[in-house]
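Each chain is listed here by its residues.
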Amino acid sequence: MSRAQLTRTGILRMALGGGGGADPLLPAEGGGGRQAPFLLRALRIAVVVCLYWFTSIAMVFLNKYLLDSPSLRLDAPLFVTFFQCALTAALCLGLSLGAACGPPCAGLPTLRLDPKVSRSVLPLSAVFIGMVTSNNLCLKHVGVAFYNVGRSLTTVFNVLLSYLLLKQTTSLYALLACGVIIGGFWLGVDQEGAEGTLSWTGIFFGILASLCVSLNAIYTKKVLPVVDGSIWRLTFYNNVNACVLFFPLMMLLGEFRTLYHFDKLGSPSFWGMMTLGGVFGFAIGYVTGLQIKFTSPLTHNVSGTAKACAQTVLAVIYFEETKSFLWWTSNLMVLGGSFAYTWVKGLEMRKVQEDPNVKSGERNETGV
């Protein structure tokens, strides 16, 4: 998925959009009852889309503040990521404990830590750590306006890994859309260099984040049966494993020493922002699921493309940046290529569903 969000979104988006059981916190599809009036349905969809946009954009700006704010001056990106993982695990556990109280949490499974299951989820957790860490490190080293372009190669890696690991081919039109994305990425890198704002460290972590998001989707599908297809169990185990694995990494990179000398460690406002960032990181998975439930995976990806465009414009305005025509062209190429790929894959999936003679291998091809 070409616009996977920060932190836990890769897992939740993949699972909610592609199987693995219903989410007990989300409204059931269908239901067999009388359909709501058109105006009410349209209003509900508009509210859900606006909620998704607000949550996603706010989360990126909050993380940018925590990772690279001149007023905060906290050089501990792994700690920020660790805290968000710990908060996610705590929220999952808290919602599970609240299931006994009835709606809206009545359908949540009871969570308990099983070492055997935890070991089975460990390979996914390693990829998950790579994904959330490289996402945050990319955001730390590049501006919010360039963030979407910096990690725009997820779609390209989806196609590449589908061929290398799953032996699935991709249509010519989808490959052309990937070519537009790659062209926009390189043009964006060139324009960032021309403006003197290019960070090769940020580019490296953006490419790594794109690769990890693709791997995360593949490993999620493999690991879901271990947790009986439960998204919440997988999220809980994944984040608990990540918290354990982050400790030696933080020690190796000297982040405990950085925290010891951090002058705002006792500041309530700092911990308030940390908690708010973690809550938004957790909430994005839920609102992503809501948007998919009330619209469709195709519409969700189109909404994500439009959201990325709005996020770029807001970042340029907020940080009072001036960008060249070619810089904006690179963004439009990435967004246009992503939209075209989504549209092509949507048409291909519809054709597969309508044609009963399509081979089973083609039915399993990675969708939008």
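Above this text sits the structure in question.
Residues numbered from 1 in each chain as written. Predicted model: local features only at pLDDT ≥ 70, side-chain atom pairs only at ≥ 80, totals over all residues. Heavy atoms only, no water.

1. What to know about the overall build of the protein chain
Looking only at helices and strands, the protein chain features 14 helices and 0 strands. Tracing the protein chain from N to C terminus, the helices and strands come up as α-α-α-α-α-α-α-α-α-α-α-α-α-α. Restricting the contact set of the protein chain to residue pairs at least 6 apart, pairs at least 24 apart contribute 83%. Split by element, the accessible area of the protein chain, about 17,200 Å² in all, is 67% carbon and sulfur. (Helix = DSSP H or I, 4+ residues; strand = E, 2+ residues; numbered from the N terminus. Contact = heavy atoms within 4.5 Å. Areas by Shrake-Rupley, 256 points an atom, 1.4 Å probe, with all protein chains shown as cover.)

2. Regarding the nonpolar core
Counting residues in hydrophobic clusters, the biggest one holds 56 residues, and the most contacted among them are Leu74, Phe79, Phe146, Phe246, Phe270 and Met274. If near-sequence neighbours (up to four positions away) are discounted, Phe270 is found in contact with Leu72, Leu74, Phe79, Phe262 and Lys264. Counting residues in each nonpolar core, the second largest holds 16 residues, with Val117, Val223, Ile231 and Val240 among its members. (Core = buried A, V, L, I, M, F, W, Y, C linked by side-chain atoms within 4.5 Å. Buried < 20%, exposed > 50% of the residue type's maximum accessible area, 1.4 Å probe, protein only.)

3. A short note on the pattern of salt bridges
Within this structure, the stated rule accounts for 8 salt bridges. In this structure, the salt-bridge partner of Lys264 is Asp263, at a minimum N-O distance of 3.8 Å. Judged by its relative accessible area of 24%, Lys264 is partly exposed. (Salt bridge = Lys/Arg side-chain N within 4 Å of Asp/Glu carboxyl O.)

4. Considerations on the packing of helix 3 (residues 77–97) against helix 11 (residues 268–294)
Two elements in contact, helix 3 and helix 11, have axes whose closest approach is 9 Å; the angle formed by their N-to-C orientations is 60 degrees. Handedness of the crossing formed by helix 3 with helix 11: right-handed. On the side of helix 3, the interface is formed by Phe79, Val80, Phe83, Gln84, Leu87, Thr88, Leu91, Cys92 and Leu95, while helix 11 contributes Phe270, Trp271, Met274, Thr275, Gly277, Gly278, Val279 and Phe282. Partitioning the contact of helix 3 with helix 11 into residue classes produces 12 nonpolar, 5 polar and no charged. (Axes fitted to C-alpha atoms, helices over the stretch in contact; angles between N-to-C directions. Left-handed = near helix turned anticlockwise from the far one by under 90°. Nonpolar A, V, L, I, M, F, W, Y, C, P; charged D, E, K, R; others polar.)

5. Quick word on the side chain of Ser210
Along the chain, Ser210 turns up in helix 8 (residues 200–223). When neighbours within four sequence positions are excluded, Ser210 is seen to be in contact with Arg151, Ser152, Leu153, Thr154 and Phe157.

6. Section: unusual backbone geometry
It is generally the case that most residues other than glycine have a negative phi and that most peptide bonds are trans. Positive phi is not limited to glycine here, since Arg73 has a value of about 55 degrees. A positive phi angle, near 60 degrees, is found at Asp228, a position not held by glycine. According to the relative accessible area criterion, Asp228 is exposed, its value standing at 64%.

7. So, the packing of aromatic side chains
According to the stated counting rule, one finds 17 aromatic pairs in the structure shown. With centroids separated by 5.9 Å and ring planes inclined at 65 degrees, the aromatic side chains of Phe54 and Phe280 adopt a geometry described as edge-to-face. Here Phe54 is found in helix 2 (residues 38–68), whereas its partner Phe280 is found in helix 11, with 226 residues between them in sequence. Under the relative-accessibility criterion, Phe54 is labelled exposed at 53%. Overall, Phe280 belongs to the buried group, its relative accessible area being 14%. (Phe/Tyr/Trp six-rings, centres within 6.5 Å; stacked < 30°, edge-to-face > 60°.)

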